[in-house]
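Chain and residue survey
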Number of protein chains: 2
Amino acid sequence: MLFSLSCRSVPLHSYADIHKANRKMKSPSQRKAVKAPTIKDLAKHVGVHISTVSRSLNPETRNLIGSDMVKKVLAAADELGYVPNSMASALRKGQSRTIGIVIPDLMNPIFPPFIRGIQDTLEEAGYTAFIANSDGNKDSEQLIVQKMKARIVDGLIMASAVFKNDPAIRECTKKDIPVVLINRDIEDENISAVVNDDRHGIFEAVKHLAELGHTRIAHVAGPQTTYTGLVRYRAFVEAMQTGDLIFDEYLINFAHGYSVQAGEKAFSQILDQKMDFSAVIAANDQLALGVLDSLAKAGKRCPKDLSLVGFNDMPLVDRINPPLTTLRIQHYEMGAQAARILLEELDNPKLPTRTMMLKPKLMVRKSTTKNKDH
Amino acid sequence: MLFSLSCRSVPLHSYADIHKANRKMKSPSQRKAVKAPTIKDLAKHVGVHISTVSRSLNPETRNLIGSDMVKKVLAAADELGYVPNSMASALRKGQSRTIGIVIPDLMNPIFPPFIRGIQDTLEEAGYTAFIANSDGNKDSEQLIVQKMKARIVDGLIMASAVFKNDPAIRECTKKDIPVVLINRDIEDENISAVVNDDRHGIFEAVKHLAELGHTRIAHVAGPQTTYTGLVRYRAFVEAMQTGDLIFDEYLINFAHGYSVQAGEKAFSQILDQKMDFSAVIAANDQLALGVLDSLAKAGKRCPKDLSLVGFNDMPLVDRINPPLTTLRIQHYEMGAQAARILLEELDNPKLPTRTMMLKPKLMVRKSTTKNKDH
DNA sequence: TTGAAAGCGCTAACAG
DNA sequence: CTGTTAGCGCTTTCAA
């Protein structure tokens with residue numbers, strides 16, 4: 001009953017708090033209905049015991065029952081429109097065939113493909129998912145996990161894991177409910193994860209720019225509190241220190257969030273330094289859009305005055321002006337993999353955890369071009 | 001220092017930190033399954049009967065219990081980390097505080113805001129949602145509804161209702177489980193719906209173009225098997241037959257789906273007729289993108305040679321080339337309204353059904369301009 | 001104000 | 001092969 005999976009306001013952790021939050025709940029309605037037939041009705045209709053019906057209905061135990069009996073039961077089920085009550089079954093079996101997905105925000109375009117990948121994979125295994133939005137809030141994330149557990153989810157896929165010391169995750173590992181991280185790896189717990197190979201992506205971007213003759217490359221980094229922000233930043237530094245590139249830490253600035261505005265602000269500050277550089281790699285597409293805005297305000301143009309590479313390949317960035325060179329992440333496939341791993345761990349809890357890394361693909365478009373000063 | 005520039009209020013995490021954390025990591029075998037405490041454990045811990053605990057926990061029945069008792073129980077619940085098993089409660093109460101959402105495809109960018117609106121509203125009432133994708137398939141939709149009912153959802157919000165004679169919907173009304181339609185109204189059943197005012201939107205678009213001097217306007221219509229496709233088409237015809245506009249049915253062509261490709265094909269066929277027109281309204285943004293592609297292939301340019309209006313205001317269409325004039329739908333608000341209506345019907349099953357219409361807003365951008373031939 | 005007891009619908013031993 | 005029985009964890013009469 002205490003249920004609300006997405007929480008944006010005040011952090012609430014105690015049991016009492018949860019109930020307080022729900023006090024405005026409406027009173028239950030007595031909906032009169034043609035109440036759904038139960039297994040009992042079915043049994044009566046066929047003239048056998050309910051356990052016979054149960055066994056006939058379950059493919060795993062069907063072999064225990066005479067095939068003509070099975071046929072009769074199935075026919076009756078069809079006739080009455082019987083649908084088993086999965087709550088009852090879940091209660092009895094102690095597993096709900098439900099998993100929880102925690103993401104920061106469904107409206108962020110990178111998440112729908114993740115989720116679709118998860119859902120499609122889960123569905124084949126007869127599982128369903130609850131989706132909750134944490135809005136990047138550590139506290140609400142913890143509350144969500146609590147509520148997910150109330151729903152007795154069999155497992156969890158988290159895309160919003162805070163980088164380190166995530167209490168929500170600890171909560172799960174403690175109770176031994178399997179968790180798979182997606183898009184974020186965490187190193188202080190023993191948990192499986194599916195991540196994009198950010199390092200590879202950044203190296204690809206740098207290589208691409210280097211081949212175009214760029215040597216002085218700036219980086220609008222993401223918040224270093226996020227996995228992607230940190231990993232891409234580190235990869236950038238590493239990549240720039242190889243080959244004939246000129247690494248200059250003053251060409252790096254950190255955005256305060258993954259928004260267009262944050263990108264614009266961060267890049268403006270780089271621009272204000274009046275330093276020499278001919279290309280920039282943004283930690284994601286949103287930031288890249290901000291770079292574009294900042295550039296426009298400075299009266300400069302992309303790619304003529306500056307080459308730009310994004311990260312994510314969000315929908316429509318191939319049609320903006322100029323079409324953005326960026327790294328395409330296998331979002332859907334990552335979701336599917338995460339689901340697969342979770343399913344396996346559900347099946348065999350003693351399985352060792354693993355981290356799977358999928359490579360992104362550089363989509364070369366019009367926002368990058370040869371360095372003319374070269 | 002540049003680095004500090006990026007800090008939020010949260011501390012930075014470096015790899016060094018992580019390794020440090022790693023070293024003191026517990027071995028995986030230490031993960032013990034501590035099975036969640038039940039109400040029984042709680043009762044034992046406090047030394048009272050489970051029904052006392054149940055009553056103390058539930059705000060509705062809490063008044064029946066001594067306030068010091070309540071306090072003790074709550075404290076114990078907190079201490080043990082007790083989270084009630086909502087399956088058990090659902091089973092007992094015959095109501096799950098869960099609702100189902102059926103959409104064609106989560107990856108279609110118009111749906112996430114719908115869902116977020118629904119989720120946020122539901123959350124306040126202590127409800128959660130299951131989301132299922134029907135991929136526009138009538139059969140899978142019906143299957144989904146069946147599964148949802150197995151999950152004992154208390155109600156349903158459907159965005160994928162086939163326009164007419166939807167068996168899935170009939171199934172629900174038959175069983176008296178409340179349904180709210182979103183983005184699609186249905187005429188042969190008595191069901192509440194929340195829709196965008198498509199007619200208003202099309203009229204706004206036509207008016208806008210008329211004011212720019214366009215008189216011959218084409219329409220790339222959506223599939224007439226969909227609610228939006230049909231309603232927008234009809235509105236277009238109606239709008240064109242008022243004022244000084246020149247209506248010509250040969251300037252209308254129907255796309256076979258809501259995809260870019262379908263839009264391109266449909267518009268190419270209009271173009272092939274070599275007729276005179278200076279503007280086009282596409283039934284949605286995807287189709288509008290197709291129009292842009294078709295136009296480019298024909299060596300013409302927007303808005304110089306043709307003004308274009310889309311529908312939906314998808315993310316980033318304001319940044320494509322040219323920024324698309326389109327109609328912004330209140331997706332999030334529609335979702336919230338649908339949830340509100342469902343909640344009310346859940347609360348009071350005898351409530352008369354209603355249809356709510358939200359007005360879209362014309363976002364004038366660069367894809368429309370004055371008709372120079374005028 | 002609290003306790004006892006009866007299930008919600010289903011599954012899984014254990015018998016026959 | 002099929003029936004009996006005992007719950008899963010919780011809510012809710014009905015008693016006390």
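Sequence positions are assigned chain by chain, starting from 1 and proceeding in written order. Written order decides the labels, with chains lettered from A and ligands numbered from 1. Where local features are concerned, this predicted model is filtered to residues with pLDDT of at least 70; where side-chain atom pairs are given and counted, the filter is 80 or more; whole-chain, interface and lining totals use all residues. Side-chain descriptors were evaluated using all non-hydrogen atoms of the structure, hydrogens and water having been removed beforehand.

Focus on the overall build of chain A
Secondary structure elements are defined from DSSP: runs of H or I of at least 4 residues count as helices, runs of E of at least 2 residues count as strands, and each element is numbered from the N terminus. A count of helical and extended segments in chain A gives 13 helices and 12 strands. Partly exposed residues are those whose accessible area sits between 20% and 50% of the maximum for their type, while under 20% is buried and over 50% is exposed, using a 1.4 Å probe and protein chains only. Counting all 374 residues of chain A, 56% fall into the buried class. Here, two residues are considered to be in contact whenever any of their heavy atoms come within 4.5 Å of each other. In chain A, 70% of the contacts between residues at least 6 apart in sequence involve partners at least 24 apart. Surface summary for chain A: the accessible area is close to 15700 Å², and the carbon and sulfur share equals 50%. Here the open area of atoms and residues is found with the Shrake-Rupley method and a 1.4 Å probe, where only the protein chains shown may cover a residue.

A word on the protein's contact with DNA strand D
By convention in this text, a residue qualifies as near a molecule or strand provided that one of its non-hydrogen atoms is within 4 Å of it. Taken together, the neighbourhood of DNA strand D is formed by 25 residues, with A:H49, A:T52, A:R92, B:I39 and B:R92 sitting nearest. The protein-proximal atoms of DNA strand D, defined as those within 4 Å of the protein, are 57% sugar or phosphate. In protein, a polar contact means a hydrogen-donor-capable atom and an acceptor-capable atom, both N or O and within 3.5 Å, with residues adjacent in sequence counting only if both atoms are side-chain atoms; elsewhere, any N or O pair within 3.5 Å suffices. Contact distances for DNA strand D include 2.8 Å between a phosphate oxygen and a backbone N or O atom of A:G66. In this structure, a phosphate oxygen belonging to DNA strand D sits 3.0 Å away from a main-chain N or O atom of B:N85. Classifying every residue of the surface near DNA strand D gives 10 nonpolar, nine polar and six charged. Here the term charged refers only to Asp, Glu, Lys and Arg, the term nonpolar to Ala, Val, Leu, Ile, Met, Phe, Trp, Tyr, Cys and Pro, and the term polar to all other amino acids, Gly among them.

Let's talk about the domain arrangement of chain A
Residues and elements named next belong to chain A. Parsing chain A into structural domains produces domain 1 (96-196 + 331-359) and domain 2 (198-329). Contacts between the two partners involve 11 residues from domain 1, matched on the other side by 14 residues from domain 2. By convention, the term buried area covers the 1.4 Å-probe accessible surface removed from two parts as they join, with the contributions of both added. Between domain 1 and domain 2 lies a buried interface of about 1200 Å² when both sides are counted; carbon and sulfur atoms form 61% of it. Salt bridges, as used here, are contacts in which a Lys or Arg side-chain nitrogen is within 4 Å of a carboxyl oxygen on Asp or Glu. Taken together, domain 1 and domain 2 are joined by zero salt bridges. Here domain 1 is connected to domain 2 by two residue pairs in polar contact (both at pLDDT 80 or more). Every element with two or more residues in the side of domain 1 that touches domain 2 is listed here: β5 (192-196) and α13 (331-347). Either an automatic procedure or a domain database provided the assignment from which the domain bounds are taken.

Quick word on the pattern of salt bridges
Taken as a whole, this structure holds 30 salt bridges over all chains when the rule is applied. Across the salt bridge formed by A:D305 and A:K304, the nearest N and O atoms sit 3.7 Å from each other. Under the relative-accessibility criterion, A:D305 is labelled partly exposed at 35%. Within this structure, A:D105, A:D135, B:R116 and B:D120 form a network of salt bridges that share partners.

Considering the sheet that holds strand β9 (residues 307-309) of chain A
Residue and element names in this part refer to chain A. Read from one edge of the open sheet, four strands run β7-β6-β8-β9, paired in parallel fashion. Strands at the two margins of the open sheet, each flanked by one partner only, are β7 (252-254) and β9. The mean angle between the axes of side-by-side strands here comes to 15°, regardless of whether they run parallel or antiparallel. Strand pairing follows a simple DSSP-based rule, namely that at least 2 bridges must link the two strands. Of the pairings in the sheet, the one linking strand β6 (residues 217-221) to strand β8 (residues 279-282) comprises four bridges and is parallel in character. For V220, the partnering residue across the bridge sits in β8 and is A282. Angular values range over 0 to 180 degrees, each being the angle between N-to-C directions of two axes fitted as lines to C-alpha atoms, with helices fitted over their stretch in contact. Sheet strands touched by helix α9 (residues 198-211): β6, β8 and β9. Its angle to β8, the strand with the most contacts, is close to 165°. On the sheet, helix α10 (residues 227-240) packs against β6, β7 and β8 and is oriented at approximately 170° with respect to β6.

Quick word on unusual backbone geometry
Residue and element names in this part refer to chain B. A cis amide bond links C302 to the next residue, P303, at an omega of 5°. By the element assignment, P303 lies in the loop between α13 (285-297) and β9 (307-309). The phi torsion at D135 lies on the positive side, around 50°, for a residue other than glycine. Under the relative-accessibility criterion, D135 is labelled exposed at 51%. A positive phi angle, close to 55°, is found at D313, a residue other than glycine. With respect to the secondary-structure elements, D313 resides in the loop between β9 and β10 (326-328). Relative accessible area serves as the criterion here: at 14%, D313 is assigned to the buried category.

Topic: the protein's contact with DNA strand C
By nearness alone, 25 residues border DNA strand C, and A:I39, A:Y82, A:R92, B:T52 and B:R92 come closest of all. Among atoms of DNA strand C positioned within 4 Å of the protein, sugar and phosphate together represent 64%. Note that a base nitrogen of DNA strand C is positioned 2.8 Å from one of the side-chain N or O atoms of B:R55. For the surface near DNA strand C, the secondary structure elements donating two or more residues are α2 (39-46), α3 (50-57) and α5 (86-93) of chain A together with α4 (50-57) and α6 (86-93) of chain B. Of the residues contributing to the surface near DNA strand C, the split by class is 10 nonpolar, nine polar and six charged.

Some thoughts on α6(B)
Among the residues of α6(B), those classed as buried are B:S86, B:M87 and B:A90. Take α6(B) and look down its axis: the buried residues cluster within an arc of 105°, on one side only. Buried residues along α6(B) sit against α5 and α7 (138-150) of chain A. Trailing α6(B) by a residue or two, B:G94 shows a phi angle of about 70°, which is positive. The directions from the helix axis to the C-beta atoms form the arc being described.

Here's the deal with the nonpolar core
To define a nonpolar core, start from buried Ala, Val, Leu, Ile, Met, Phe, Trp, Tyr and Cys residues and group those joined through side-chain atoms within 4.5 Å. Counting residues in hydrophobic clusters, the biggest one holds 94 residues, and the most contacted among them are A:I99, A:I157, A:I281, B:I99, B:I157 and B:I281. In contact with A:I281, not counting residues within four places along its chain, are A:I202, A:A205, A:V206, A:L209, A:I217, A:A218, A:H219, A:V220, A:F236 and A:V309. Formed by 56 residues, the second largest nonpolar core is a distinct cluster that contains A:V260, A:A282, A:L324 and B:A255.

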